[in-house]
Amino acid sequence: MAELVGPRLYSCCHCRNHVCLHDDIISKAFQGRNGRAFLFSHAMNISMGPKEDRHLTTGLHTVADIYCRDCREVLGWKYERAFEESQKYKEGKFIFEKAKIVKENW
């Protein structure tokens, strides 16, 4: 009998709320506030803070912090707007800091 395996996903490191799917990773080559970070195309079970302009490594962006919907832990941010043409691909995408998420169903 085959064992059913669900999707590989990531959860909040504090409360284990499911916040993103492994299949939605666009890149693992990003830098967060506290180390490595991953760029995802989608997120779930999160809430967002207010939009603000930030000077990041790759230039000026409008971003909004993202929080776990259950425990309110800051997990990363959402790119709302990129001011430089070469960075437009990030718009609408999510950064999750590696230290803030844990693997589930691996």
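Above this text sits the structure in question.
Residues numbered from 1 in each chain as written. Predicted model: local features only at pLDDT ≥ 70, side-chain atom pairs only at ≥ 80, totals over all residues. Heavy atoms only, no water.

1. Re the sheet that holds strand E9 (residues 101-104)
To keep things clear, this is the line we draw: For two strands to count as paired, DSSP must find a minimum of two bridges between them. Strands here mean DSSP runs of E at least two residues long; helices mean DSSP runs of H or I at least four residues long; both are numbered from the N terminus. Helix axes are fitted to C-alpha atoms over the stretch in contact, other axes to C-alpha atoms as well, and angles between N-to-C directions run from 0 to 180 degrees.
With antiparallel pairing, 3 strands are arranged side by side in an open sheet as E2-E1-E9. Each edge of the open sheet is held by one strand with a lone partner, namely strand E2 (18-21) and E9. For this sheet, the mean inter-axis angle between neighbouring strands, taken without regard to orientation, is 35°. Sheet analysis places strand E1 (residues 9-12) next to E9, joined by 4 bridges and oriented antiparallel. Bridge assignment links cysteine 12 to a residue of E9, and that residue is isoleucine 101.

2. Focus: the packing of aromatic side chains
Note the threshold: Pairing of aromatic rings covers Phe, Tyr and the six-membered ring of Trp, with a centre-to-centre limit of 6.5 Å; geometry is then stacked below 30 degrees between planes, edge-to-face above 60, and tilted otherwise. Summary of the burial criterion: residues with accessible area below 20% of their type's maximum are buried, those above 50% are exposed, and those between are partly exposed, where the area comes from a 1.4 Å probe applied to protein chains only. By the criterion adopted, a ring carries a charge over it if an Arg CZ or a Lys NZ lies within 6 Å of its centre and within 35 degrees of its normal.
Applying the stated rule across the entire model yields 5 aromatic pairs. Where phenylalanine 40 meets phenylalanine 96, the ring centres are 5.3 Å apart and the plane angle is 85°; that geometry is what we call edge-to-face. Within this pair, whereas phenylalanine 40 is found in strand E4 (residues 35-40), its partner phenylalanine 96 is found in strand E8 (residues 94-97), the two being separated by 56 residues in sequence. A single burial state applies to phenylalanine 40 and to phenylalanine 96, both of which are buried. For the pair tryptophan 77 and tyrosine 79, a centre-to-centre distance of 6.3 Å together with 80° between the ring planes defines the contact as edge-to-face. Like tyrosine 79, tryptophan 77 is buried. Ring pairs connect the aromatic residues Tyr10, Phe38, Phe40 and Phe96, which therefore count as one cluster. If you follow lysine 28 out to its NZ or CZ, it ends over the ring of phenylalanine 38, 5.7 Å from the centre.

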